[in-house]
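Given next are the chains, with one letter for each unit.
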Amino acid sequence: MNKNDLIAVFDSGVGGISVLRHLVRVLPEERFLYFGDSANAPYGTKSKETVKELTLAAAENLCFRGIKALVVACNTATSAAINDLRAAYPDLIVIGIEPALKLAADTFPGGKIGVMATPMTLREEKFAKLMDRFDESCDIFKIPAPGLVELIEGGRADSPETEALLSRLFENYPKLDALVLGCTHYPFAGKVLSRVLGEDVALLDGGDGTARETKRRLEAAGLLRTGEGQVMIENSANSPELLALSMQLLEEM
Ligand code: DGL
């Protein structure tokens, strides 16, 4: 492993681009290889075993490419497979992502906080433990959002369909102080969410924290690179439209 090796960033599809843009900002001199598994998205409605298998298979392929770190830019894959990944690659820096509930609870003590994430993330033990830490200090609402990932993968993040889906979804919840975006696809629906919920509802995600943690870990291992940065994007669906959408999402945020 050396400083010039790649940082791999993985997600079930285009969602992890919302984390990649923070990584590029925080680590502008690094070389990134982004891999989206859109051929198998969505992960969030699959079984834990299936998501674990898909994640381990993607990590194995990425490890052949000469990587110094793997950022799992997917809350669902992190809850299903982070322990197995760390056991399989003990010498690799492996960073996961989890819903930014701590940030929300610290910022809005006693507040009403929604956590929007995939059904799998919300039912996993990792999230139950996170929720246990904060459910006495604030009112937490679990909000699964089936169908939203598919709209974002289809390039319709800011569309009337997305607005209709989210308007229907939030009819069932009280006015929130903050909404934690516990799936890396959801920041791309940020504009629609603010229209539906009101500009005063804070939208919080874990992208910046994940990027800063990646920098800390590389620094501690003496693996930070200097030079011109680079971003390569690959996708299992092998579709020019998805690659174009990935580039567009990276540039627009
Ligand atoms: N982007 C993923 C996450 O952060 C999941 C999307 C999916 O269901 O595939 O949870």
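Look a little higher up for the structure.
Now for a description of the structure that goes with this document. (Residues numbered from 1 in each chain as written. Predicted model: local features only at pLDDT ≥ 70, side-chain atom pairs only at ≥ 80, totals over all residues. Heavy atoms only, no water.)

Observations concerning helix H10 (residues 207-220)
And step 1. The end-to-end C-alpha distance of H10, which contains 14 residues, comes to 20 Å, matching closely the 20 Å that a straight helix rising 1.5 Å per residue would cover.
And step 2. Among all positions of H10, only Gly207, Thr210, Ala211, Thr214 and Leu218 are buried. End-on, the buried residues of H10 take up no more than an arc of 100°, which puts them together on one face.
And step 3. Buried residues belonging to H10 abut strand E1 (6-11), helix H1 (17-26), strand E3 (67-72) and strand E4 (93-95).
And step 4. Of the residues flanking the end of H10, it is glycine 222, one or two places downstream, whose phi is positive at about 65°. (Helix = DSSP H or I, 4+ residues; strand = E, 2+ residues; numbered from the N terminus. Expected span 1.5 Å × (residues − 1). Buried < 20%, exposed > 50% of the residue type's maximum accessible area, 1.4 Å probe, protein only. Arc of directions from axis to C-beta. Contact = heavy atoms within 4.5 Å.)

So, the site of the ligand
And step 1. Residues in close proximity to the ligand total 13 residues, the closest being Ser12, Tyr43, Gly44, Thr76 and Thr184.
And step 2. Within the side chain of serine 12, a nitrogen or oxygen atom sits 2.6 Å from an oxygen atom of the ligand.
And step 3. Between an oxygen atom of the ligand and a main-chain N or O atom of glycine 44, the distance comes to 2.8 Å.
And step 4. For the ligand, the protein covers 99% of the area, taking 300 Å² as the surface of the free molecule.
And step 5. Of the residues in the shell around the ligand, the class split is five nonpolar, seven polar and one charged. (Near = heavy atom within 4 Å. Polar contact = N/O pair within 3.5 Å; in protein donor to acceptor, adjacent residues only side chain to side chain. Areas by Shrake-Rupley, 256 points an atom, 1.4 Å probe, with all protein chains shown as cover. Nonpolar A, V, L, I, M, F, W, Y, C, P; charged D, E, K, R; others polar.)

Some thoughts on the sheet that holds E4
And step 1. Spatial strand order, E4-E3-E1-E2-E9: five strands in an open sheet with parallel pairing. Each end of this open sheet is capped by a strand with a single partner; those strands are E4 and strand E9 (230-235). For this sheet the average axis-to-axis angle between neighbouring strands, irrespective of direction, equals 20°.
And step 2. Pairing between E1 and E3: five bridges, direction parallel. Along E3, the bridge assignment pairs isoleucine 7 with alanine 69. (Pairing = 2+ DSSP bridges. Axes fitted to C-alpha atoms, helices over the stretch in contact; angles between N-to-C directions.)

Considerations on the layout of surface pockets
And step 1. Roughly 540 Å³ of internal volume is contained in the largest pocket.
And step 2. What lines the largest pocket is a set of 26 residues, among which Glu98, Ala100, Gly206, Gly209 and Thr210 lie closest to the centre.
And step 3. Counting residues per element, the ones that place at least two in the lining of the largest pocket are helix H3 (75-88), E4, helix H4 (101-107), helix H6 (125-134) and H10.
And step 4. Split by residue class, the lining of the largest pocket holds nine nonpolar, five polar and 12 charged. (1 Å grid on protein atoms, 1.4 Å probe; cavity = no way out; pocket = protein on both sides within 12 Å on 5 of 7 lines; lining within 4 Å. Points joined across faces, edges and corners; volume = space filled by probe spheres on them.)

Some points on empty space enclosed by the protein
And step 1. Evaluated as defined, the whole model comprises four cavities of 30 Å³ or more.
And step 2. When its volume is computed, the largest cavity comes out at roughly 80 Å³.
And step 3. Taken together, Pro42, Gly44, Thr45, Thr118, Pro119, Ala145, Pro146, Gly147, Leu148, Val149, Glu150 and Tyr186 make up the full set of residues lining the largest cavity.
And step 4. When residues of the lining of the largest cavity are assigned to their parent elements, the largest contribution, three residues, is made by helix H7 (residues 148-153).
And step 5. Its residues placed into classes, the lining of the largest cavity shows seven nonpolar, four polar and one charged.

Quick notes on the pairing of strand E7 (residues 178-181)
And step 1. Residue alternation in E7 divides its side chains into two sets, Ala178 and Val180 and Leu179 and Leu181, and both sets are buried.
And step 2. Two elements, E7 and strand E8 (residues 202-204), share three bridges in a ladder whose sense is parallel. Bridging across to E8, alanine 178 finds its partner in alanine 202.

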